[in-house]
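# Architecture and fold: a report
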Amino acid sequence: KAGVTQTPRYLIKTRGQQVTLSCSPISGHRSVSWYQQTPGQGLQFLFEYFSETQRNKGNFPGRFSGRQFSNSRSEMNVSTLELGDSALYLCASSLDPSGETQYFGPGTRLLVL
Amino acid sequence: AQSVTQLDSHVSVSEGTPVLLRCNYSSSYSPSLFWYVQHPNKGLQLLLKYTSAATLVKGINGFEAEFKKSETSFHLTKPSAHMSDAAEYFCVVSVSGYSTLTFGKGTMLLVSP
(Lines give C-alpha, C1' and ligand atoms only; values in the text may rest on other atoms or scores of the structure.)
Protein backbone atom coordinates (compact mmCIF):
# COMPACT_ATOMS: atom_id res chain seq x y z
CA LYS A 1 0.00 0.00 0.00
CA ALA A 2 1.18 3.50 -0.72
CA GLY A 3 1.86 5.61 2.32
CA VAL A 4 0.54 9.04 3.21
CA THR A 5 1.43 11.58 0.57
CA GLN A 6 1.65 15.31 1.00
CA THR A 7 1.95 18.01 -1.63
CA PRO A 8 3.79 20.17 -2.15
CA ARG A 9 6.90 19.13 -0.24
CA TYR A 10 8.32 22.65 -0.06
CA LEU A 11 6.74 26.09 -0.25
CA ILE A 12 8.00 29.63 0.04
CA LYS A 13 5.46 32.36 0.66
CA THR A 14 5.53 35.94 1.83
CA ARG A 15 3.75 37.48 4.80
CA GLY A 16 0.08 38.16 4.20
CA GLN A 17 -0.35 35.49 1.54
CA GLN A 18 -2.39 32.37 2.00
CA VAL A 19 -1.40 28.76 1.39
CA THR A 20 -3.15 25.43 0.85
CA LEU A 21 -1.50 22.12 1.68
CA SER A 22 -2.80 18.75 0.56
CA CYS A 23 -2.74 15.31 2.13
CA SER A 24 -3.77 11.96 0.66
CA PRO A 25 -4.20 9.27 3.33
CA ILE A 26 -3.37 5.59 3.08
CA SER A 27 -6.03 3.79 1.05
CA GLY A 28 -8.89 2.80 3.35
CA HIS A 29 -7.96 5.25 6.08
CA ARG A 30 -10.76 7.68 6.87
CA SER A 31 -9.26 9.79 9.63
CA VAL A 32 -6.75 12.54 8.86
CA SER A 33 -4.92 14.68 11.41
CA TRP A 34 -2.62 17.65 10.91
CA TYR A 35 0.34 18.68 13.05
CA GLN A 36 2.71 21.64 13.01
CA GLN A 37 6.38 21.09 13.86
CA THR A 38 8.65 23.99 14.78
CA PRO A 39 12.00 24.07 16.59
CA GLY A 40 10.55 26.17 19.40
CA GLN A 41 7.17 24.57 20.01
CA GLY A 42 7.85 21.04 18.82
CA LEU A 43 4.97 19.02 17.40
CA GLN A 44 1.52 20.46 18.00
CA PHE A 45 -1.88 19.13 16.99
CA LEU A 46 -3.80 21.30 14.56
CA PHE A 47 -7.02 19.42 13.76
CA GLU A 48 -8.53 16.06 12.90
CA TYR A 49 -11.08 15.12 10.28
CA PHE A 50 -13.21 12.02 9.91
CA SER A 51 -15.94 11.50 7.35
CA GLU A 52 -15.62 15.10 6.15
CA THR A 53 -16.24 16.44 9.67
CA GLN A 54 -13.78 18.20 11.93
CA ARG A 55 -13.74 16.20 15.16
CA ASN A 56 -11.05 17.97 17.09
CA LYS A 57 -9.15 21.21 16.89
CA GLY A 58 -5.94 22.27 18.59
CA ASN A 59 -5.12 25.65 20.04
CA PHE A 60 -4.41 27.57 16.84
CA PRO A 61 -5.92 30.82 15.54
CA GLY A 62 -8.77 30.83 13.07
CA ARG A 63 -6.33 31.58 10.24
CA PHE A 64 -5.69 27.84 10.24
CA SER A 65 -8.48 25.84 8.69
CA GLY A 66 -8.98 22.56 6.96
CA ARG A 67 -11.40 20.30 5.22
CA GLN A 68 -11.80 16.71 4.16
CA PHE A 69 -13.29 15.42 0.97
CA SER A 70 -15.48 12.37 0.38
CA ASN A 71 -12.44 10.35 -0.76
CA SER A 72 -10.76 11.16 2.62
CA ARG A 73 -8.18 13.47 1.08
CA SER A 74 -7.65 16.54 3.21
CA GLU A 75 -6.45 20.07 2.74
CA MET A 76 -5.36 22.65 5.24
CA ASN A 77 -5.32 26.36 4.59
CA VAL A 78 -3.45 29.11 6.34
CA SER A 79 -4.55 32.65 5.56
CA THR A 80 -2.70 35.91 6.20
CA LEU A 81 0.60 34.16 6.70
CA GLU A 82 2.94 35.30 9.47
CA LEU A 83 6.66 34.67 9.85
CA GLY A 84 5.90 32.36 12.76
CA ASP A 85 3.91 30.05 10.50
CA SER A 86 7.17 28.79 9.02
CA ALA A 87 7.17 25.13 9.98
CA LEU A 88 6.99 21.54 8.85
CA TYR A 89 3.33 20.58 8.48
CA LEU A 90 2.71 16.88 8.95
CA CYS A 91 -0.36 14.94 8.01
CA ALA A 92 -1.23 11.59 9.56
CA SER A 93 -3.89 9.08 8.67
CA SER A 94 -5.54 6.25 10.55
CA LEU A 95 -8.36 3.81 9.91
CA ASP A 96 -10.70 5.71 12.19
CA PRO A 97 -10.49 8.15 15.10
CA SER A 98 -10.87 5.55 17.83
CA GLY A 99 -7.22 5.50 18.71
CA GLU A 100 -5.92 3.46 15.81
CA THR A 101 -2.27 3.99 15.00
CA GLN A 102 -1.53 7.11 12.98
CA TYR A 103 0.82 6.95 10.03
CA PHE A 104 2.62 10.11 9.01
CA GLY A 105 3.46 11.58 5.64
CA PRO A 106 6.80 13.23 4.82
CA GLY A 107 5.48 16.70 5.54
CA THR A 108 5.31 20.02 3.74
CA ARG A 109 8.00 22.49 4.71
CA LEU A 110 6.63 26.04 4.59
CA LEU A 111 8.90 29.05 4.71
CA VAL A 112 7.30 32.46 5.18
CA LEU A 113 9.45 35.45 4.24
CA ALA B 1 -5.31 16.31 30.14
CA GLN B 2 -2.17 14.49 29.15
CA SER B 3 1.48 15.37 28.83
CA VAL B 4 4.81 13.80 28.01
CA THR B 5 8.26 14.60 29.36
CA GLN B 6 11.32 13.32 27.57
CA LEU B 7 14.03 13.58 30.15
CA ASP B 8 16.99 14.06 27.79
CA SER B 9 17.14 16.42 24.83
CA HIS B 10 20.27 14.68 23.52
CA VAL B 11 21.74 11.22 24.10
CA SER B 12 25.14 10.19 22.74
CA VAL B 13 26.22 6.55 22.46
CA SER B 14 28.90 4.60 20.66
CA GLU B 15 27.97 2.09 17.99
CA GLY B 16 27.35 -1.31 19.55
CA THR B 17 26.47 0.03 23.02
CA PRO B 18 22.99 0.03 24.57
CA VAL B 19 20.49 2.83 24.02
CA LEU B 20 18.14 4.21 26.68
CA LEU B 21 15.75 7.06 25.90
CA ARG B 22 13.65 8.11 28.86
CA CYS B 23 10.01 9.17 28.82
CA ASN B 24 7.53 9.99 31.57
CA TYR B 25 3.87 10.60 30.89
CA SER B 26 0.85 12.03 32.60
CA SER B 27 -2.68 11.06 31.66
CA SER B 28 -6.01 11.32 33.39
CA TYR B 29 -7.25 8.24 31.57
CA SER B 30 -5.88 4.94 30.41
CA PRO B 31 -3.17 5.95 27.96
CA SER B 32 -1.96 4.66 24.66
CA LEU B 33 1.77 5.28 24.32
CA PHE B 34 3.93 5.41 21.24
CA TRP B 35 7.49 5.97 20.17
CA TYR B 36 8.06 7.57 16.78
CA VAL B 37 11.40 8.24 15.05
CA GLN B 38 12.18 11.08 12.67
CA HIS B 39 15.23 10.99 10.45
CA PRO B 40 16.48 14.32 9.05
CA ASN B 41 14.06 15.92 6.61
CA LYS B 42 11.69 12.99 6.88
CA GLY B 43 8.27 12.36 8.39
CA LEU B 44 7.61 10.33 11.51
CA GLN B 45 7.90 6.55 11.54
CA LEU B 46 6.18 4.44 14.18
CA LEU B 47 8.61 2.36 16.23
CA LEU B 48 6.18 0.75 18.66
CA LYS B 49 2.85 1.15 20.43
CA TYR B 50 1.50 0.23 23.88
CA THR B 51 -2.22 -0.20 24.36
CA SER B 52 -2.67 -2.02 27.70
CA ALA B 53 -1.73 -5.47 26.52
CA ALA B 54 1.77 -6.72 27.43
CA THR B 55 3.79 -4.16 29.35
CA LEU B 56 6.95 -4.97 27.37
CA VAL B 57 6.43 -3.87 23.79
CA LYS B 58 8.70 -4.91 20.95
CA GLY B 59 9.07 -2.64 17.97
CA ILE B 60 10.93 -2.43 14.72
CA ASN B 61 14.70 -2.38 14.29
CA GLY B 62 15.37 -4.05 17.64
CA PHE B 63 13.77 -1.37 19.80
CA GLU B 64 11.55 -2.16 22.76
CA ALA B 65 9.84 -0.21 25.53
CA GLU B 66 8.46 -1.11 28.93
CA PHE B 67 5.30 0.43 30.33
CA LYS B 68 5.59 1.00 34.09
CA LYS B 69 2.37 2.38 35.49
CA SER B 70 3.73 2.88 39.02
CA GLU B 71 6.52 5.06 37.63
CA THR B 72 4.43 6.57 34.79
CA SER B 73 7.32 5.77 32.50
CA PHE B 74 7.69 4.35 29.01
CA HIS B 75 11.43 4.21 28.34
CA LEU B 76 12.78 3.10 24.96
CA THR B 77 15.74 0.73 24.79
CA LYS B 78 17.87 -1.09 22.27
CA PRO B 79 20.66 -3.52 23.19
CA SER B 80 23.13 -2.39 20.55
CA ALA B 81 23.11 0.93 18.70
CA HIS B 82 23.71 1.15 14.99
CA MET B 83 24.84 4.21 13.06
CA SER B 84 21.51 4.23 11.23
CA ASP B 85 19.70 4.76 14.57
CA ALA B 86 20.92 8.36 14.71
CA ALA B 87 17.71 10.39 14.55
CA GLU B 88 15.21 12.24 16.73
CA TYR B 89 12.86 10.14 18.84
CA PHE B 90 9.47 11.25 20.10
CA CYS B 91 7.49 9.76 22.96
CA VAL B 92 3.77 10.26 22.36
CA VAL B 93 0.64 9.76 24.45
CA SER B 94 -3.02 9.63 23.57
CA VAL B 95 -6.10 8.67 25.52
CA SER B 96 -7.15 5.15 24.62
CA GLY B 97 -9.97 5.35 22.13
CA TYR B 98 -9.10 8.82 20.95
CA SER B 99 -6.69 9.79 18.24
CA THR B 100 -5.30 13.20 19.25
CA LEU B 101 -1.60 12.76 19.94
CA THR B 102 0.43 14.70 22.49
CA PHE B 103 4.15 14.73 21.73
CA GLY B 104 7.20 15.04 23.92
CA LYS B 105 9.88 17.56 22.92
CA GLY B 106 12.01 14.86 21.37
CA THR B 107 15.39 13.26 22.13
CA MET B 108 18.15 13.50 19.57
CA LEU B 109 20.16 10.27 19.49
CA LEU B 110 23.75 10.65 18.33
CA VAL B 111 25.71 7.50 17.46
CA SER B 112 29.47 7.67 17.11
CA PRO B 113 31.64 5.03 15.44
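Structure: see above.
This text gives an overview of the structure that appears in the document. (Residues numbered from 1 in each chain as written. Chains lettered and ligands numbered in written order. Predicted model: local features only at pLDDT ≥ 70, side-chain atom pairs only at ≥ 80, totals over all residues. Heavy atoms only, no water.)

## Here's the deal with the state of the cysteines
Formally: Any two cysteine sulfur atoms lying within 2.5 Å of each other are counted as a disulfide. Labels follow the DSSP assignment, with helices taken as runs of H or I lasting at least four residues and strands as runs of E lasting at least two, numbered in each case from the N terminus. Per-residue accessibility, obtained with a 1.4 Å probe over protein chains only, is compared with the maximum for each type, and a residue is labelled buried under 20%, exposed over 50%, and partly exposed between these values.
Counted according to the given criterion, the structure contains two disulfides over all chains. Paired through a disulfide, Cys23 of chain A and Cys91 of chain A show a sulfur-sulfur distance of 1.7 Å. Taking the sign of the S-S torsion, -55 degrees for the link of Cys23 of chain A and Cys91 of chain A, the bridge is left-handed. Here the residue Cys23 of chain A occupies a position in strand E3 (residues 19-24), and Cys91 of chain A occupies one in strand E9 (residues 87-94), the gap between them amounting to 68 residues. By relative accessible area, Cys23 of chain A is classed as buried at 0%. Between the sulfur of Cys23 of chain B and that of Cys91 of chain B lies a disulfide, 2.0 Å long from S to S. Here Cys23 of chain B and Cys91 of chain B share a disulfide; its torsion about the S-S bond, -65 degrees, makes the bridge left-handed. Taken together, the residues Cys23 of chain B in strand E4 (residues 23-27) and Cys91 of chain B in strand E10 (residues 87-95) connect sequence positions 68 residues apart. Each member of the pair, Cys23 of chain B together with Cys91 of chain B, is buried.

## Side note on the nonpolar core
This is how the line gets drawn: Definition used in this section: a nonpolar core is a set of buried Ala, Val, Leu, Ile, Met, Phe, Trp, Tyr and Cys residues joined via side-chain atoms within 4.5 Å.
Counting 26 residues, the largest nonpolar core has Trp35, Phe74, Leu76 and Tyr89 of chain B as its most contacted members. In terms of residue count, the dominant contributor to this core is E10 of chain B (four residues). Grouped together as the second largest cluster of nonpolar side chains are 21 residues, Leu21, Val32, Phe60 and Phe64 of chain A included.

## Quick word on the pairing of strand E11 (residues 108-112) of chain A
All names here are of chain A. Put simply, the rule is: Only when DSSP finds a minimum of two bridges between them are two strands counted as paired.
Here E11 shows a buried face lined by Thr108, Leu110 and Val112 and an unburied face lined by Arg109 and Leu111. In terms of strand pairing, strand E2 (residues 10-13) meets E11 through four bridges, oriented parallel. Bridge pairing in E11 links Leu11 to Leu110. Of the strand pairs in this sheet, E9 and E11 are connected by three bridges, and their pairing is antiparallel. Looking across to E11, one finds that Leu88 is bridged to Arg109.

That's the geometry; what it means functionally is another story.
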